[in-house]
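The primary structure of each chain is shown beneath.
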Amino acid sequence: MYTPKTFNFGALDGISPKQLEVHVKLYEGYVKFLNTLDDTIVDLMKDSEKNAYALGEVNRRRGFEFDGMRMHEHYFAQWEGNASPISGNLEDALAKQYGSYEAWEAQFKAVGMTRGIGWAVLYYDPTGKRFHNAFLGDHEVGQLTGIPVILALDMWEHAYMVDYLPAEKKKYVDAFFKNLNGNVVEERFHGS
Ligand SMILES: [Fe+2]
C-alpha cells in the first residue's frame, strides 16, 4: 500500500493555492487507484482464467497509476522550500552538454510546449554521462528506462487550468521555473 505524501508549499508566484489544492487532490487519486488496482489484481487472480480479460486491463493500467503517482511526487517536491535557480555542478554540467545553461532551458521549455498532455522531463544517464530532455505521453509513455528523473514539469492542462488558459501555457512554464527550488533538483543530480 502506498500513502499519499504531503507537501509544504510557501506562497508561489503565478501558481495559486487553489491550483495547488486541486492538483494535489488529483495526485492523491493516483495513489488511491494504484492501491485499488493491486487489491483488484489479488481478487481477480482467485479465478485468473475466468478473469483473464479484466486482469489484462488492470495490469495495463498499473504503469499509468504508478507513474502518475511518482511523477507528481517529483513535481511537487520541486516547489517546497525557497525558490532558487539551478546552479553549481548541475548548471555547469548542463552548460557543458548544451553549450550554455540557457540553451538547455530553452530546449527543455520547447519540450514542455509539445502539443498534447504529458510531461517534460530532464533525465541524467549516469552510464552514458549524458542528460536527456524527454516528453512523456500521459505519465508513462516514453519513460527512459532506469535513469533518474532530475526535473519534472507537468504539462497536463490540469496543472495550470485554474490559473491560465490553454493558450497561456507558456506563462505557466515560466512560473514553474520562477518557483523552482534549484537545491532539490541539484540533489537529484548529485544522487544519480
Ligand atoms: Fe498533474
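Residues numbered from 1 in each chain as written. Predicted model: local features only at pLDDT ≥ 70, side-chain atom pairs only at ≥ 80, totals over all residues. Heavy atoms only, no water.

Chemist: With reference to specific residues and values, describe the packing of helix α3 (residues 88-98) against helix α4 (residues 101-112).
Modeler: Here α3 crosses α4 at 80°, and the two axes come no closer than 7 Å. Taken together, the axes of α3 and α4 are roughly perpendicular relative to one another. Residue-level contacts link Glu91, Leu94, Ala95 and Tyr98 of α3 to Tyr101, Ala103, Trp104 and Gln107 of α4. Among the residues making up the contact of α3 with α4, the classes are represented as 6 nonpolar, 1 polar and 1 charged. (Axes fitted to C-alpha atoms, helices over the stretch in contact; angles between N-to-C directions. Helix = DSSP H or I, 4+ residues; strand = E, 2+ residues; numbered from the N terminus. Parallel < 35°, antiparallel > 145°, perpendicular 65-115°, else oblique. Contact = heavy atoms within 4.5 Å. Nonpolar A, V, L, I, M, F, W, Y, C, P; charged D, E, K, R; others polar.)

Chemist: Go over the sheet that holds strand β2 (residues 130-137) with me, naming the residues and quoting the values.
Modeler: The strand order across the open sheet formed by 3 strands is β2-β1-β3, and the pairing between neighbours is antiparallel. If you trace the sheet from one side to the other, it starts and ends with β2 and β3 (149-154), each paired once. Averaged over all pairs of adjacent strands, the angle between strand axes in this sheet comes to 15°, irrespective of strand direction. Summarising the sheet, strand β1 (residues 118-125) and β3 pair through 5 bridges and their orientation is antiparallel. Note on β3: the bridge partner recorded for Val121 is Ala152. This element, helix α6 (residues 182-191), spans β1, β2 and β3 of the sheet and lies at about 140° to β3. (Pairing = 2+ DSSP bridges.)

Chemist: Kindly report on helix α2 (residues 52-77), identifying the contributing residues and their values.
Modeler: Taking 1.5 Å of rise per residue, the 26 residues of α2 would be expected to cover 38 Å, and the 38 Å separating its terminal C-alpha atoms lies within 8% of that figure. The largest bend in α2 is about 30°, located at Arg61. (Expected span 1.5 Å × (residues − 1). Bend = angle between axes of the 7 residues up to and from the residue.)

Chemist: Give me the lowdown on the domain arrangement of the protein chain, citing residues and values where you can.
Modeler: Along its sequence, the protein chain is carved into domain 1 (17-77) and domain 2 (88-191). Each of domain 1 and domain 2 has a C-alpha centre, and these two points are 24 Å apart. The partner domain 2 presents 22 residues to the 15 residues of domain 1 that form the contact. Around 1,500 Å² of area is buried between domain 1 and domain 2 when both sides are counted, 64% of it from carbon and sulfur atoms. For the side of domain 1 that touches domain 2, the elements supplying multiple residues, two or more each, are α1 (17-44) and α2. Residue composition of the side of domain 1 that touches domain 2, by class: 7 nonpolar, 6 polar and 2 charged. (Domains from an automatic or database assignment. Buried area = accessible area lost by both parts, 1.4 Å probe.)

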